[in-house]
Amino acid sequence: MGEALLQVRGLSKRFGGLRAVHDVAIDVPQGAITALIGPNGAGKTTTFAMIAGFVRPDSGSVRFAGDDLTGWRADRIAARGMVRTFQITQPFAGLSVMENIRVGAFLREPLPAAAERLAREIGTRLGLGPMLDRQAAALTVAGRKRLEIARALATRPRLLLLDEVMAGLNPAELNEIVALIRAVHASGVTILLIEHIMQAVVALAADAFVLAEGVLIAHGTPREIAADPRVIEAYLGQGAAARMAWHG
Ligand SMILES: Nc1ncnc2c1ncn2[C@@H]1O[C@H](COP(=O)(O)OP(=O)(O)OP(=O)(O)O)[C@@H](O)[C@H]1O
Ligand SMILES: [Mg+2]
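To start, this report covers the structure provided alongside it. Bear in mind that the values here come from a model prediction, so they are computed numbers and not experimental data.

1. Concerning the overall build of the chain
When you go through the chain residue by residue, the secondary structure sums to 10 helices and 10 strands. Against the 2.2 N^0.38 benchmark of 18 Å for 248 residues, the chain shows a C-alpha radius of gyration of 18 Å, consistent with a compact globule. In terms of principal-axis extent, the alpha carbons of the chain reach across some 60 × 40 × 40 Å. Counting the 248 residues in the chain, one finds 41% classified as buried.

Written as structure tokens, this is what we have:
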């Protein structure tokens, strides 16, 4: 096997006295859907922020498509083909849905008319067609998640980092977004996703990395990690795995 598309090694970040991320290593193979999971505050978003150039790591390295991008700015990393979505969606409320997507499209299409064409094409593909000329502020939670993915996709990434795009959705919306992520993947985009909803992780990901308190504690198929006592304890507290085995 060749080198993974994304290779993260020894990535660490402290915020004052808090060890938010410590010595994290992640491989994302070209063409895969890989998951990053873990309890609240585990360091998942901080890991994404370091990978995508929004937060400078204290140490460690980020290699993408064979190049060392450690410490690069987010826009340069996006130009290379790696882009993240934001867990807390913050569309430009005064702009239309199309104009929000066009912000991403400008990376590849400097001319406004061409950028608008690309934005409309991607927005339509993501089910936002009827909303394209409405204010972004008018979108529902599910619509905002789609807009967040559309804006990222408009940069034409090779690797898309999705940060909890399923949080706050109802079961029908959840099924739709799982289908949408499959379609994006089928179009040739490699995906690394942060997700709390295990059902979605099992449905989508071949491989999952588990973070707890800033440290990687497990790595395997979603089914393997769901049965891993260290993972169960990280989510449910010390002794939980033993209690479950006792009762199970
Ligand atoms: N800019 C910051 N300054 C100080 N502390 C931060 C900062 N960003 C994150 N943290 C802290 O770092 C830890 C990891 O946060 P992070 O957002 O990466 O976790 P997460 O795994 O994404 O959690 P969640 O599932 O709740 O989104 C938390 O304790 C958080 O409060
Ligand atoms: Mg987070």
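2. Let's talk about the sheet that holds strand β1 (residues 6-15)
With antiparallel pairing, four strands are arranged side by side in an open sheet as β2-β1-β4-β5. Each end of this open sheet is capped by a strand with a single partner; those strands are β2 (18-28) and β5 (67-68). As paired strands, β1 and strand β4 (residues 59-64) are joined by five bridges and run antiparallel to one another. Within β4, the position partnered with S12 by the bridge is S59.

3. Some remarks on the packing of helix α3 (residues 97-105) against helix α5 (residues 141-153)
For any two helices packed against each other, the geometry is given by the interaxial angle and the distance between the axes. Running from N to C, α3 and α5 point in directions that differ by 35°, and their axes come no closer than 6 Å. Contact residues: V97, N100, I101, V103 and G104 in α3; L147, A150, R151 and A152 in α5. A breakdown of the residues in the contact of α3 with α5 according to their chemical character gives six nonpolar, two polar and one charged.

4. So, the site of ligand 1
In the region of ligand 1, the neighbouring residues are F15, L18, A20, G38, N40, G41, A42, G43, K44, T45, T46 and Q87. For the shell around ligand 1, the elements supplying multiple residues, two or more each, are β2 and α1 (44-51). Ranked by residues supplied to the shell around ligand 1, first place goes to α1 with three residues. A breakdown of the residues in the shell around ligand 1 according to their chemical character gives four nonpolar, seven polar and one charged.

5. What about unusual backbone geometry?
Positioned with a positive phi, D23 is a non-glycine residue whose angle comes to about 55°. Mapping D23 onto the fold places it in strand β2. Even without glycine at this site, R156 takes up a positive phi of about 50°. Considering the arrangement of structural elements, one finds R156 in the loop between α5 and β7 (159-163). For R156, a count of 17 C-beta atoms within 10 Å corresponds to the partly exposed category.

6. A closer look at helix α6 (residues 171-186)
Here α6 contains 16 residues, and its C-alpha end-to-end distance of 23 Å stays within 8% of the 22 Å for a straight helix at 1.5 Å per residue. What α6 keeps buried is the set I177, I181 and V184. Buried positions in α6, seen along its axis, are confined to an arc of 60° and lie on one side of it. Of the exposed residues in α6, those oriented more than 90 degrees away from the buried face are P171, A172, A179, A183 and A186.

7. Quick look at the packing of α3 against helix α4 (residues 112-125)
Put simply, α3 and α4 touch, their axes get as near as 8 Å, and they point 115° apart. Relative to α4, the element α3 lies roughly perpendicular. Helix-helix and strand crossings are classified by hand; for α3 and α4 the assignment is right-handed. Across the interface between the two elements, V97, M98, I101, R102 and A105 from α3 touch A115, E116, L118, A119, R120, I122 and G123 from α4. Taken together, the residues of the contact of α3 with α4 sort by class into eight nonpolar, one polar and three charged.

8. Looking at the sheet that holds strand β6 (residues 82-84)
Reading across from one edge, β6-β7-β8-β3-β9-β10 is the order of the six strands in this open sheet, with mixed pairing throughout. If you trace the sheet from one side to the other, it starts and ends with β6 and β10 (215-220), each paired once. Taking each pair of neighbouring strands and ignoring which way they run, the sheet shows an average axis angle of 15°. In terms of strand pairing, β7 meets strand β8 (residues 190-194) through five bridges, oriented parallel. Across the sheet, the residue bridging to L161 is L192, located in β8. Strands in contact with helix α9 (residues 229-236) are β9 (207-212) and β10; relative to β10, the strand with the most contacts, it is inclined by about 130°.

9. So, the nonpolar core
Grouped together as the largest cluster of nonpolar side chains are 69 residues, with contacts concentrated most on I101, A150, L159, L160, L161 and V210. V210 has contacts with I37, G38, L216, I217, A218, I225, V231 and A234, leaving out every residue within four places of it along the chain.

Cut-offs used in this document
- The residue count restarts for each chain, going from 1 along the sequence in the order it is written.
- Written order decides the labels, with chains lettered from A and ligands numbered from 1.
- In keeping with the model being predicted, local features are shown solely for residues with a pLDDT of at least 70 and side-chain atom pairs are shown and tallied solely at 80 or more, while totals for entire chains, interfaces and linings include all residues.
- Only DSSP runs of H or I reaching four residues or more are called helices, and only runs of E reaching two or more are called strands; each is numbered from the N terminus.
- Radius of gyration here is computed from C-alpha atoms only, and the compact-globule reference equals 2.2 Å multiplied by the residue count raised to the power 0.38.
- Burial is judged by counting other C-beta atoms within 10 Å of a residue's own C-beta: 20 or more means buried, 12 or fewer means exposed, and anything between counts as partly exposed, with every C-beta placed from the backbone.
- In this scheme, strands are said to pair when DSSP sees at least two bridges between them.
- Lines fitted to the C-alpha atoms define the axes, with helices restricted to the stretch that makes contact. Angles between their N-to-C directions range from 0 to 180 degrees.
- Residues are scored as being in contact if the C-beta atoms we place from backbone atoms lie within 7 Å.
- Residue polarity follows a fixed list, in which Ala, Val, Leu, Ile, Met, Phe, Trp, Tyr, Cys and Pro are nonpolar, Asp, Glu, Lys and Arg are charged, and the others, Gly among them, are polar.
- To decide whether a residue is near a molecule or strand, its C-beta atom is placed from the backbone and checked for lying within 6 Å of it.
- Here a helix's expected span is defined as the number of its residues, less one, multiplied by 1.5 Å.
- The arc under discussion is defined with respect to the helix axis, by the directions toward the C-beta atoms.
- With respect to orientation, any angle under 35 degrees is reported as roughly parallel, any angle over 145 as roughly antiparallel, any angle of 65 to 115 as roughly perpendicular, and every other angle as oblique.
- Take the far helix as your reference; a near helix turned counterclockwise from it by less than a right angle gives a left-handed crossing, and one turned clockwise gives a right-handed crossing.
- Remark: nonpolar core denotes a set of buried Ala, Val, Leu, Ile, Met, Phe, Trp, Tyr and Cys residues whose joining runs through C-beta atoms within 7 Å.

Geometric values such as these leave the question of function open.
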